[in-house]
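Structural characterization, general
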Amino acid sequence: MPILFGLTSQNSNEEIKQTAFQKIHQTRWIPFATTGSDGLPSCRTLDFNLLSDGNIYFETEAGKPVYHDLQRCPVGTLCAVIGDGDVIHNKIMLRMRVLVERVKPDEPIVAEFFERNPGTMSLFTKAPGVMKIFRLVLGQGELYQTYRDDAVVFLRFTFGNIGAEPARYWIDPDSCIGCGQCAAACNHGAIISGPTYSIDAARCLKCGACYDLCSNGSVKKRDNDSWIPILQKIGLK
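Anyway, here's the lowdown on the structure attached to this text. Here the structure is a predicted model, which is why all the values come from computation and not from measurement.

With respect to the helices and strands, the residue Asn 117 is situated in the loop between α3 (108-116) and α4 (118-123). Here Asn 117 falls in the buried class, since its relative accessible area comes to 5%. A polar contact of 2.7 Å, which involves the side chain of Asn 117, links it to the side chain of Arg 28. Apart from the residues lying within four places of it in its own chain, the contact partners of Asn 117 are Arg 28, Asp 47 and Asn 49.

The residue Asp 38 is located in the loop between β1 (29-35) and β2 (41-47) in this model. Considered as a pair, Asp 38 and Leu 4 are 34 residues apart in the sequence and their alpha carbons are 37 Å apart. Within the structure, the side chain of Asp 38 is placed 3.0 Å from the backbone nitrogen of Leu 40, a separation counted as a polar contact.

Generally speaking, nonpolar side chains in soluble globular proteins are found buried as a group. Ranked by size, the top nonpolar core spans 32 residues in total, and within it Phe 32, Phe 48, Phe 58, Met 96, Leu 136 and Leu 143 carry the most contacts. For this core, the elements supplying multiple residues, two or more each, are α1 (13-27), β1, β4 (56-61), α2 (65-72), β5 (75-83), β6 (91-102), β7 (131-146) and β8 (152-159). Per-element accounting of this core gives the leading share, five residues, to β6. For Met 96, the contacting residues outside a window of four places in its chain are Phe 21, Ile 24, Gly 76, Thr 77, Leu 78, Leu 136, Gln 140, Gly 141, Phe 157 and Phe 159. With 12 residues, the next largest nonpolar core counts Cys 176, Cys 182, Ile 191 and Ile 199 among its residues.

Procedures and definitions
- Residues numbered from 1 in each chain as written.
- Predicted model: local features only at pLDDT ≥ 70, side-chain atom pairs only at ≥ 80, totals over all residues.
- Heavy atoms only, no water.
- Helix = DSSP H or I, 4+ residues; strand = E, 2+ residues; numbered from the N terminus.
- Buried < 20%, exposed > 50% of the residue type's maximum accessible area, 1.4 Å probe, protein only.
- Polar contact = N/O pair within 3.5 Å; in protein donor to acceptor, adjacent residues only side chain to side chain.
- Contact = heavy atoms within 4.5 Å.
- Core = buried A, V, L, I, M, F, W, Y, C linked by side-chain atoms within 4.5 Å.

Dropping the structure here:
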């Protein structure tokens, strides 16, 4: 059965990414969180645009806190709830952690950005140099929907030079004894039975019930360490 925006777990990463990018472009005004100068999270709504080169861009001004946040740490998170039709249960969460870079003023894409956003340009006719455009360079994303029957469905995607976000929980096939405790604990049917058990990441809500109840210690938990090389490269780790 088709799930998120007609996508299923059989769709390719590129197909899922393109759908997510189109939904971002259609929604445009999306909350964007950064790390403030005090080390605390800071959030505001920005206007995201999908341009002809297939990348997503946004604009802010040089005097705003978000600009200085991104100068210190060019990593942020978008999170939005997007409709899939008129049914209230078909609201889909889109989440992306992204690395951004500032676009040089002489790049051709700048002209395209302001052609699509003449109102933004008109706000700063006296001092256009304060406008700074950023491009999403790489990131990991997730589409998430809970259906009317509360069946959880996730689809993950990635873009740029970064791997996919790893599943939060997994079962070690070398130590699993097939007792079924994890399946009995799972609220969403994410556990796949067999001689050894496994977890369907598309159905896993990451609640940790299986991890807490596995008396054999075969359910493992991992953090998303795929950002460590990115942070090291930009001097933040």
